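Structural description and commentary
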Amino acid sequence: MELKKYKNPVKLSTFNVLLVVLYLFSAFNTFKIQNFLKEGGKVFDILLPLLVVLFFLSYFTWLFIKTARNYPHYLKFFALSMLFAFIGEMSMGLDGQIETAINGNYLEYLIMTYHYLVLSTIAFYLNQAIKNRRLYYLVIFIIGVLLIEILLLRNWLIILNPVFTILSASFYWALSIYPAYLTNPDISWNLKRKRLILIAVIAFISFFIIAPAVIYGFGFRLPEMVDYGVDFLPVHVLILGIGVIFYGLLFFVDFLPDIIKKSYFLEAPGKPKAASMVN
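Residues numbered from 1 in each chain as written. Predicted model: local features only at pLDDT ≥ 70, side-chain atom pairs only at ≥ 80, totals over all residues. Heavy atoms only, no water.

A separate point is a nonpolar patch on the surface. Among the surface-exposed residues, Val20, Leu24, Leu135, Leu138, Ile142, Leu146, Leu147, Leu151, Leu152 and Leu153 lie close enough to one another that they form a single nonpolar patch of about 770 Å² accessible area. Among the elements of the structure, helix 1 (9-39) and helix 6 (133-152) are those that each provide at least two residues to the nonpolar patch. The greatest single-element share of the nonpolar patch, amounting to seven residues, is contributed by helix 6. In this fold, Leu153 is placed in the loop between helix 6 and helix 7 (157-160). (Patch = residues over 30% accessible without salt bridge, like charges linked within 9 Å, V, L, I, M, F, W, Y side chains within 5 Å. Areas by Shrake-Rupley, 256 points an atom, 1.4 Å probe, with all protein chains shown as cover. Salt bridge = Lys/Arg side-chain N within 4 Å of Asp/Glu carboxyl O. Helix = DSSP H or I, 4+ residues; strand = E, 2+ residues; numbered from the N terminus.)

Let us look at the packing of aromatic side chains. In this structure the tally under the stated criterion is 27 aromatic pairs. Arranged with centres 5.1 Å apart and planes meeting at 75°, the rings of Phe64 and Phe78 form a pair that is edge-to-face. With Phe64 in helix 2 (residues 44-70) and Phe78 in helix 3 (residues 74-89), this residue pair connects regions lying 14 residues apart in the sequence. With a relative accessible area of 22%, Phe64 lands in the partly exposed category. Aromatic pair Phe251 and Phe252: ring centres 5.2 Å apart, planes at 85°, arrangement edge-to-face. Accessibility expressed as a relative area gives 10% for Phe251, which makes it buried. You can call Phe252 partly exposed: its relative accessible area is 49%. Through successive ring pairs, a cluster of aromatic residues spans Phe60, Phe64, Tyr71, Tyr74, Phe77, Phe78, Phe124 and Tyr125. For the cation-ring pair, Arg195 lies above Tyr181, with the distance from its terminal atom to the ring centre recorded as 4.5 Å. (Phe/Tyr/Trp six-rings, centres within 6.5 Å; stacked < 30°, edge-to-face > 60°. Buried < 20%, exposed > 50% of the residue type's maximum accessible area, 1.4 Å probe, protein only. Lys NZ or Arg CZ within 6 Å of the ring centre and 35° of its normal.)

Before going further, it helps to examine the confidence of the model for the chain. Per-residue pLDDT for the chain has a mean of 81; in total, 86% of the residues score no lower than 70. Least confident of the elements in the chain is helix 10 (residues 223-227), whose mean pLDDT is 64; most confident is helix 2, at 93. Counted against residues more than four places away or in other chains, residues 264-279, with its pLDDT under 50, gives 46 contacts. (pLDDT = per-residue confidence, 0-100. Contact = heavy atoms within 4.5 Å.)

On to the side chain of Ser176, then. For Ser176, the position within the fold is in helix 8 (residues 162-182). Among the residues examined, Ser176 registers a relative accessible area of 1% and is labelled buried. In contact with Ser176, other than residues within four places in its own chain, are Phe77, Ala123, Tyr136 and Ile140.

Below you can see the structure in the form of structure tokens.
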């Protein structure tokens with residue numbers, strides 16, 4: 001899993017930096033389009049923002065096709081990243097989605113989609129380029145938690161709440177670590193099967209055991225959900241179980257041992273480093 005057809009790191013970095021820059025412009029102009037649809041204005045006010053968004057989507061499509069042609073496993077990596085993004089957004093981020101729907105700012109869902117399209121692509125190229133597993137973890141942490149959560153999403157809560165920082169970090173790692181592991185041709189299907197079983201067990205425990213016990217036993221619900229008028233207990237179970245508890249357990253059971261140890265804890269004894277998750 002090396003950069004075989006993109007041997008020029010400067011050219012490759014330029015592609016990815018341009019993708020991020022265009023994403024920022026498209027996100028900003030999507031807000032302009034949304035304001036135009038709600039408040040009205042001149043036709044020219046919406047023309048340029050539309051062109052910016054279309055240019056971003058065209059560039060992403062071009063880079064997506066180019067990457068898929070050069071790396072056969074990219075499509076699987078991308079699909080798995082989007083799956084984890086959907087799970088996380090529909091659980092931990094559900095309160096924000098409800099607020100967006102109540103305010104009628106439906107185009108903000110497009111910005112969320114841009115966000116994960118870009119993140120999945122950048123994570124793939126980082127996975128191809130960075131061979132040191134711990135360094136890869138650090139880079140994903142910086143991009144996911146610091147840059148995205150704090151700078152782009154203005155979510156300053158993670159600075160004040162260490163638990164939330166762990167949850168956010170584990171969520172963004174999951175978007176790239178698991179796809180990297182499950183699409184690595186050097187790792188045997190037996191080890192991948194063990195990893196899938198681990199994820200399924202943690203999801204089951206989170207959703208059907210811990211979350212109901214916390215909610216029904218202690219009456220704990222997410223206050224922001226109550227503010228939105230969501231008082232249906234299974235919705236709180238969904239958010240706590242699949243979002244908060246699920247990613248928290250993944251961090252302590254799966255990510256933390258790999259950060260502490262040099263070798264992956266699911267690898268067979270004596271297995272060469274070439275079969276590691278990121279290498």
